[in-house]
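A structural walkthrough
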Amino acid sequence: MATDPLVLDGLDAFYGDSHVLHDLSLRVRAGGVLGLLGRNGAGKSTCIGSIVGLVRAKAREMTLYGEPIQGLSPERISQKGVGVVPQGRRIFPSLTVHENLTVAARTPSREGWRGWSLEDAFSAFPRLEERRRQFAGSLSGGEQQMLAIGRALMTGPRLLLLDEPSEGLAPQIVAEVARVLKELSRTGLSIVLVEQNVKLAMEVADDVVILNNGRVAHAGPVESIQTDGELVEQLLGVY
Ligand SMILES: Nc1ncnc2c1ncn2[C@@H]1O[C@H](COP(=O)(O)OP(=O)(O)OP(=O)(O)O)[C@@H](O)[C@H]1O
């Protein structure tokens, strides 16, 4: 549908002469969570980079809520409501929690949607409020991940892209990330979740796309992998 938050159809992506993604198609449904899975080097981060305008890509269709975004700068794509939680979090370690959040705050650029206020961020992540004056670099890995998610939400996204938010986190903290993502999805936010952690993706995602060598190897509702251990093992090497 033209109003789907994100449609990629026949996307090819390149680093210089290196052709990394081949004929990739996917669709994020309104308020849905799409799990983007694949082994190391399968092309997941390149897909995120293509969506946000950081990687050179061409496609038959690349639309955000029906609006073409192909060729736009990362700034324009961000302004159109795409928030990113990058791999490795990339918070500002020498700024405080409060400063990390306020640096991302944005005046709403569109009617009907808005960025989070500090109060919204602190009510979702109470530990960040307790630590608001602390340097972000001194937070635990889990707290830094929550800060990275909070910072992305301060920009008022309609579509949130997360690149391996569970990386390096203890299982208990991964469960916390899962809870937060499910809550965000319940508020109507549409999400693309890049993950190596298949269990987390299965818990949170509505639909999944599995990449293999830069191509879509499987796409379907999350149930299609929950019930097919052989497929998951073949494409992801885990179960
Ligand atoms: N800046 C770059 N220049 C050239 N090739 C790159 C660059 N970044 C990634 N690649 C290559 O593109 C392919 C896809 O990499 P990508 O990082 O998208 O995979 P991924 O699925 O996100 O893997 P990971 O889970 O390890 O992050 C790999 O072969 C990788 O070596």
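Residues numbered from 1 in each chain as written. Predicted model: local features only at pLDDT ≥ 70, side-chain atom pairs only at ≥ 80, totals over all residues.

1. Concerning the overall build of the protein chain
Looking only at helices and strands, the protein chain has 10 helices and 11 strands in total. Here the protein chain has a C-alpha radius of gyration of 17 Å; the compact-globule value for 239 residues is 18 Å, and the two agree. Taken along its principal axes, the extent of the C-alpha atoms in the protein chain is 45 × 40 × 35 Å. Looking at the protein chain residue by residue over its 239 residues, the buried ones come to 40%. (Helix = DSSP H or I, 4+ residues; strand = E, 2+ residues; numbered from the N terminus. Rg over C-alpha atoms; globule rule 2.2 N^0.38 Å. Buried ≥ 20, exposed ≤ 12 C-beta atoms within 10 Å, placed from the backbone.)

2. Quick word on the site of the ligand
Taken together, Y15, S18, V20, G38, N40, G41, A42, G43, K44, S45, T46 and Q196 make up the full set of residues adjacent to the ligand. Elements with a contribution of two residues or more to the shell around the ligand: β2 (18-28) and α1 (44-51). Among the elements that make up the shell around the ligand, the one with the highest residue count is α1 (three residues). Its residues placed into classes, the shell around the ligand shows three nonpolar, eight polar and one charged. (Near = placed C-beta within 6 Å. Nonpolar A, V, L, I, M, F, W, Y, C, P; charged D, E, K, R; others polar.)

3. As for the sheet that holds strand β9 (residues 190-195)
If you walk across this open sheet you meet the six strands as β7-β8-β9-β3-β10-β11, and the pairing is mixed. At either margin of the open sheet sits one strand with a lone partner, and together these are β7 (82-85) and β11 (215-221). Across the sheet, the mean angle separating the axes of adjacent strands is 15° when strand polarity is ignored. Relative to strand β8 (residues 159-163), β7 is paired through four bridges, and the arrangement is parallel. Its bridge partner lying in β8, V82 is registered against L159. Sheet contacts for helix α6 (residues 141-153): β7 and β8; angle to β7, the most-contacted strand, approximately 165°. This element, helix α7 (residues 171-186), spans β3 (33-38), β8 and β9 of the sheet and lies at about 155° to β9. (Pairing = 2+ DSSP bridges. Axes fitted to C-alpha atoms, helices over the stretch in contact; angles between N-to-C directions. Contact = placed C-beta atoms within 7 Å.)

4. A closer look at the nonpolar core
Residues L34, L36, L161, I191 and L193 are the most contacted members of the largest nonpolar core, which totals 69 residues. Examining the composition of this core, we find that six residues originate from one element, α6, more than from any other. If sequence neighbours within four positions are ignored, L36 has contacts with K44, C47, V192, L193, V194, V209 and L211. (Core = buried A, V, L, I, M, F, W, Y, C linked by C-beta atoms within 7 Å.)

5. Some words on the pairing of strand β5 (residues 61-64)
Of the two faces of β5, only the one carrying M62 and L64 is buried; E61 and T63 on the other face are not. Looking at chain direction, strand β1 (residues 6-15) and β5 are connected through four bridges and run antiparallel. Among the inter-strand pairings, D9 is bridged to a residue of β5, identified as E61. Pairing of β5 with strand β6 (residues 67-68), which is carried by two bridges, proceeds in the antiparallel orientation. Pairing of T63 across the sheet is with P68, part of β6. Turn length for the β5-β6 hairpin, with the two strands adjacent in sequence and antiparallel, is two residues, and the turn residue Y65 shows positive phi of about 50°.

6. A short note on unusual backbone geometry
One non-glycine residue with positive phi stands out, namely Y65, at about 50°. Located in the positive-phi region is N213, a residue other than glycine, with phi close to 50°. The residue N213 is located in the loop between β10 (207-212) and β11 in this model.

7. Comments concerning α1
Counting buried residues along α1, seven of its eight residues qualify, which places the element largely inside the surrounding structure. A positive backbone phi angle near 85° is found at G53, which sits one or two residues after α1.

8. Considerations on the environment of I191
Mapped onto the elements of the fold, I191 is located in strand β9. A C-alpha to C-alpha distance of 24 Å links I191 and L231, two positions 40 residues apart in sequence. Beyond its immediate chain neighbours, meaning those up to four positions away, I191 contacts V33, L160, L162, L181, L184 and S185.

9. Some points on the environment of D228
By secondary structure assignment, the location of D228 is in the loop between α9 (223-226) and α10 (229-236). Under the C-beta neighbour-count criterion, D228 is labelled partly exposed, with 15 such atoms within 10 Å. D228 sits 10 residues away from H218 along the chain, and the two C-alpha atoms are 12 Å apart.

10. Examining the environment of A170
Its location among the elements puts A170 in the loop between β8 and α7. The class of A170 is exposed, set by 12 C-beta atoms lying within 10 Å.

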